[in-house]
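Chain by chain, the residues:
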Amino acid sequence: MGLVTSLLDGIDVVLAWARLGLGTTVESNCLLQTADSDTVLVLNDGSLLSVIDFDGVMKLVGADEFSQICSAYQAAFSSVLSNQGHHAQIVFSYSKEKGAERIRKNYEPIQETMDKLGLSLKDLLKERQEKLPMYCADEKVYVVIRTTVDILTNEQKKQTFKDQKDAIAKSNLTIDRSNAQDVFAALPALRDAHDSTLKTLIDTCVSAGARLQLLSVHDAIKRIRQEVDWHFTDDSWKAVLPGDMVRPSIARSFSGNISDLLWPPLYVQLFPRDAFNVDFSTCIVGDDYYGMVYIELYPRHVQIFNQLLGRCLNAQIPWRMSFSIESGGMQALSIKKMFAEVLSFSSVQNRLIANGVDLLSYLDVNTDDDIVKLRTVCCTWASDKETLKTRVSLLARAVQGWGGCNVSQVSGDAFQGLVGTLPAVNPVNIAPMTVASLNDVISMMPLYRPSSPWQSGSLMLRSPDGKIWPYQPGSHLQSTSIDIIYARPGSGKSVLANSINLALCLTPGITRLPMISIIDIGPSSSGLISLIKDSLPPSEQYKASYHRISMTESYSINPLDTQLGARYPTPPERSFLVNFILLLVTPAGENKPYDGMSDMIGLVVDEAFKGLHDNANPNVYTLSTDHEIDDTLKDIGFVFDSKTSWWEVTDALFMAGFIKEAYRAQRYAVPLISDLVSVARVSNVEDLFGKVMTPTGEKLIVTFTRMVSSAVREYPVLSRPTKFDIGDARVVSLDLDEVAKTGGAAADKQTAVMYMLARYLLTRNFYLNIDSFEGIDQAYRNFHQKRIQDNKEDVKRLVMDEFHRTSHSDIVRHQVVQDMREGRKWGVQVALISQSLDDFDSVMIDFATSIFIMDAGPEQSIRKSVSTFGLPKSAEDALRSYVRGPNAQGATMLAIFATKDATLIQLVTLTLGPIELWAFSTTAEDYYLRDALYEKLGPAEARRLLAQLFPSGSASKYIMNEVTKQQLKEPDQAVDVVSVVQRLIDHILDQHNKDPNVKAI
């Protein structure tokens, strides 16, 4: 039902007259007296109150969720408001200026990380701090719960006041409240009732999915002061409260009164600068003018808060709104009902009001709903009076449009009206009082806003309507970090993946770049790599590398390489080798190897390393195999003969401190894939598997040797000792576009082989444990001990793009599942990116802890997502309405996060500026244009210029228009897009040489 307005507006007017020109003081309006415990503050009259930071709900709120949460909130607040003596205040504050400051502070530790790692990304960070506030604001919701002496019986009140008086007398202290906090102000008899009521409310709201925090008294006072005068309040400011060390101020000369030595009054601490009325509707606090708007008539039909928020967003103003809710609604109506009935013979309207009162009485008696008193005041502010006048008008119109509210502006005491908008400062709200059902009131409150479980994050997302939504990938809030990103091409998957990877590189507190390994198809990640590489000092640019792999010997990778000095692979390495070789010997077009093959491969691998051990028949060192090694051996005076093994050479180089050369030498000591052919014929293997037959009638060993030989022939990268090495690079991308093809069983198998080989090369140092090095020489063990310790502290992430390319290989996907299963104990994150939900196995989806749907796709795709994740109707509706790929405001996605506490579903938007979009751009034309300008102008200047010329983050539209123009001019001639891009590059460089600040082409 609607809300019932007050009949006594005339009395409010009279009271306003009485206040005209009185100019009430800060001291008389700030009724906060002191603190009683870690979370409880005390008012002048002994009432107790606590402040809750109510951030919102951690799930998408549709109609069904709203009804469920509203019922839970109603039950929670009913425990507060069902009896006299408990009161609630709910304050909503919105400010773009504060939002910009919050974003700036969020990036302060990230800037520290950049400085520590030597990353020069000032242009990107500056853009983030400028771009995001255009779409975001700081939102705060505070719930203040107050307990007064009215909860006590008359006898209890008498005893309580007597006990307080006796305690003061016994102390023999007289405290001057104008000069100090009165530590005797609290009424102890209220404590149990206050604490139990507060706990019930918090527990009930949390169980409904709310994210909130009961503030400590110090935090509460700081938050209040930030609402009072945030320009004059540093984030490190802290109130002085009982228990804190306090020294007599020079300005407060000691007069012999104990008050001079106690904690200064809270009104002095909360209002550091002058505050006074300018006129009946305007006051000044510090540098800002404030104007108030009071709600007199509420919506006839309940309106949710987001509708009001949307109207205020369009107004582009800072504002604050305070709802004061008290019990005793029916008692407040008694006199009004009497007047309405007396006057009903002359006024149909009054009769309707009397009928409304009867309805509320019915609800109060016959339902679980409570009837409460409600007062609401809003304010906005500006640095000058003319701007304030405009903002007050915009605020008034926004509130009036909230279901037809009626508002007023003049109260008679503007400062007292302003104080009513502040949390906890003064329980007296001078706005007109109305009476309503608690359910209606709770439905209108700002308690349903989207909430992020991350307080801060190196990736700042936002809600579609502009609430800041921090996200920190790889944080302790999630037990594992397994990401799945999917959407149709062109929906922003790569930009999001690059943003998450960059966020990991900027994680506050890290001391080294994370180990990020990317398996890519195409140059999607090349922009990220070049961004990081070019931002590092020249001496450290090796830490980021991008490689486009080709099927040639120059990219040879031997998957049988071991850790330095290790004669055998570690258990994780051996497990991978078995899987990899299984893939090689699985016929093209088949998903599974022959029975018995896995066991045989395990034995063959063991025999291969055993046969080349120092004590067996190791590979012999051959001069001129590697000239760099030859020269180093000569420098250290190494003496060799015809029986000197590569293992001896490796050990000698290692002991001499030539670690890089030792690694190179060891590549000739370990087996090659081709060696497995001969190993498969040794007696140990023959005895166990010589008689095993395949379904084709061929012996298993024969099948194995034939297919291994074929693999070495078909895949030159497997034919020789390792030549290609990522070295000490930490952020690495391997582009498999040339070697991971589609178009038949053979192409699918080659793609699977290259995915596995890339995975081996990129992650071989992810899975290290000192227990895996048993039996190794102590010197090597000490060397690896240091590596392992560093490895444990590092962030490690494996990213596999275009994951649908692996759909025809069970072995690859089983390896990925194994990485997912065991990633937590090794500290390894896994991210899979593809075009459809169908590209991921069900077990992968089960393991995923972060899922990003970037484009809902057609109706069948929406139904598939809903069914797979068990999404509620609110999420299904959101997919249809909002998740449609990127636009000028950013890319809105449906995100599902499994945290340790709960699973949350939210609509979030990734908004990047043109500089960052150009850094991450993946289209071929943009890639060519960007890299050419990088080379000519330097990365930062090139990004700045491109962002200025093409603020959308892409030149594709311009280039295609130029292509079209050329086609129209010369319809018989084929248009070379590359030549069009090259002309654009030449033109940009020419214009830049004439004017570096060129703004158009």
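Quick caveat, the model's predicted, so the values are computed rather than measured.

Structural notes on the overall build of the protein chain
When helices and strands are tallied, the protein chain shows 37 helices and 25 strands. Dimensions of the protein chain, computed from C-alpha atoms along their principal axes, come out at roughly 115 × 80 × 60 Å. Per-residue burial for the protein chain yields a buried fraction of 56% across its 1001 residues. Sequence separation of at least 24 residues holds for 77% of the intrachain contacts in the protein chain that already meet a minimum separation of 6. Total accessible area computed for the protein chain in this model is approximately 41600 Å², and 51% of it derives from carbon and sulfur atoms.

Things to note about the confidence of the model for the protein chain
The share of residues in the protein chain with pLDDT of 70 or more is 92%, and the mean pLDDT across the chain is 89. Scored below 50 in pLDDT, residues 1-23 makes 45 contacts in the model with residues more than four places away or belonging to other chains.

Quick look at empty space enclosed by the protein
Where empty space is left can be seen by rolling a probe of water-molecule size over the atoms. On inspection of all chains with the given rule, the structure shows eight cavities of 30 Å³ or more. The space that makes up the largest cavity amounts to roughly 160 Å³. Looking at the largest cavity, it is lined by 15 residues, and the ones nearest its centre are Pro572, Glu573, Phe576, Arg759 and Tyr767. Contributing elements (two or more residues each) for the lining of the largest cavity: helix 19 (571-584), helix 27 (745-763) and helix 29 (810-826). Partitioned by chemical class, the residues of the lining of the largest cavity number six nonpolar, four polar and five charged. Taken as a whole, the second largest cavity spans an internal volume of roughly 140 Å³. Of all the secondary-structure elements, those providing two or more residues to the lining of the second largest cavity are strand 4 (86-95), strand 5 (138-147) and strand 10 (319-326). Considering only residue class, the lining of the second largest cavity consists of six nonpolar, four polar and two charged.

Some details on the environment of Val149
Positionally, Val149 belongs in the loop between strand 5 and helix 7 (154-171). Apart from the residues lying within four places of it in its own chain, the contact partners of Val149 are Lys157, Phe161, Leu187 and Leu190.

Observations regarding the packing of aromatic side chains
Aromatic ring pairs: the centre-centre distance and the angle between the two ring planes describe each pair. As enumerated under the stated definition, the model contains 30 aromatic pairs in all. A centroid spacing of 5.6 Å and a plane angle of 25 degrees characterise the contact between Trp469 and Phe897, whose relative ring orientation is stacked. On the criterion of sequence distance, the pair formed by Trp469 in strand 15 (residues 468-471) and Phe897 in strand 24 (residues 890-898) is long-range, its members being 428 residues apart. The same class applies to Trp469 as to Phe897, namely buried. Relative to Phe950, the ring of Trp918 lies with its centre 6.2 Å away and its plane at 55 degrees, an arrangement referred to as tilted. Within this pair, whereas Trp918 is found in helix 33 (residues 914-920), its partner Phe950 is found in the loop between helix 35 (939-949) and helix 36 (956-969), the two being separated by 32 residues in sequence.

Quick look at the packing of helix 20 (residues 597-611) against helix 26 (residues 700-714)
Following both chains from N to C, one finds helix 20 and helix 26 inclined at 65 degrees, their axes separated by 11 Å at the closest point. Here helix 26 runs roughly perpendicular to helix 20, going by the angle between their axes. Two packed elements cross with a definite hand, and for helix 20 against helix 26 that hand is right-handed. Along its contact with helix 20, which presents Met597, Met600, Ile601 and Val604, the element helix 26 presents Leu700, Ile701, Thr703 and Phe704. When grouped by side-chain class, the residues that make up the contact of helix 20 with helix 26 number seven nonpolar, one polar and no charged.

Points about the packing of helix 17 (residues 493-505) against helix 18 (residues 526-535)
At a minimum axis separation of 10 Å, helix 17 and helix 18 run at an interaxial angle of 25 degrees. Between helix 17 and helix 18, the crossing angle belongs to the class labelled roughly parallel. Both helix 17 and helix 18 take part in a crossing whose hand is right-handed. Contacts from Asn498, Asn501, Leu502 and Cys505 of helix 17 reach helix 18 at Leu528, Leu531 and Ile532.

Considerations on the state of the cysteines
Taken as a whole and judged by the stated rule, the model has zero disulfides. Residue Cys405 stays outside any disulfide, its sulfur separated by 8.7 Å from that of Cys378, the closest cysteine.

Focus: the side chain of Thr849
Looking at where Thr849 falls in the secondary structure, it is placed in the loop between helix 30 (842-847) and strand 22 (850-853). The buried category is assigned to Thr849, whose relative accessible area is 6%. Look past the residues within four positions of Thr849 in its chain and what remains in contact with it is Gln478, Thr480, Ser481, Ile482, Ile896, Phe897 and Ala898.

A look at the nonpolar core
Counting residues in hydrophobic clusters, the biggest one holds 117 residues, and the most contacted among them are Phe580, Phe704, Leu736 and Leu894. With ten residues, helix 27 is the largest single contributor of residues to this core. Those residues within four positions of Phe704 in sequence are excluded, and the remaining contacts are Ile581, Val585, Met597, Met600, Ile601, Val604, Leu676 and Ala680. In this structure, Met460, Trp469, Met893 and Leu904 belong to the second largest nonpolar core, which totals 76 residues.

Thoughts on helix 19
Over its 14 residues, helix 19 extends 20 Å from the first C-alpha to the last, a length consistent with the 20 Å expected when each residue adds 1.5 Å. Of all 14 residues that make up helix 19, ten are buried, and the element is covered over most of its length. Turning to helix 19, its buried residues number three or more, namely Glu573, Phe576, Leu577, Val578, Asn579, Phe580, Ile581, Leu582, Leu583 and Leu584. Looking at the packing, one finds that the buried side of helix 19 touches helix 20, helix 24 (675-679), helix 26, helix 27 and helix 29.

Definitions and limits used
- Residues numbered from 1 in each chain as written.
- Predicted model: local features only at pLDDT ≥ 70, side-chain atom pairs only at ≥ 80, totals over all residues.
- Heavy atoms only, no water.
- Helix = DSSP H or I, 4+ residues; strand = E, 2+ residues; numbered from the N terminus.
- Buried < 20%, exposed > 50% of the residue type's maximum accessible area, 1.4 Å probe, protein only.
- Contact = heavy atoms within 4.5 Å.
- Areas by Shrake-Rupley, 256 points an atom, 1.4 Å probe, with all protein chains shown as cover.
- pLDDT = per-residue confidence, 0-100.
- 1 Å grid on protein atoms, 1.4 Å probe; cavity = no way out; pocket = protein on both sides within 12 Å on 5 of 7 lines; lining within 4 Å.
- Points joined across faces, edges and corners; volume = space filled by probe spheres on them.
- Nonpolar A, V, L, I, M, F, W, Y, C, P; charged D, E, K, R; others polar.
- Phe/Tyr/Trp six-rings, centres within 6.5 Å; stacked < 30°, edge-to-face > 60°.
- Axes fitted to C-alpha atoms, helices over the stretch in contact; angles between N-to-C directions.
- Parallel < 35°, antiparallel > 145°, perpendicular 65-115°, else oblique.
- Left-handed = near helix turned anticlockwise from the far one by under 90°.
- Disulfide = S-S within 2.5 Å.
- Core = buried A, V, L, I, M, F, W, Y, C linked by side-chain atoms within 4.5 Å.
- Expected span 1.5 Å × (residues − 1).

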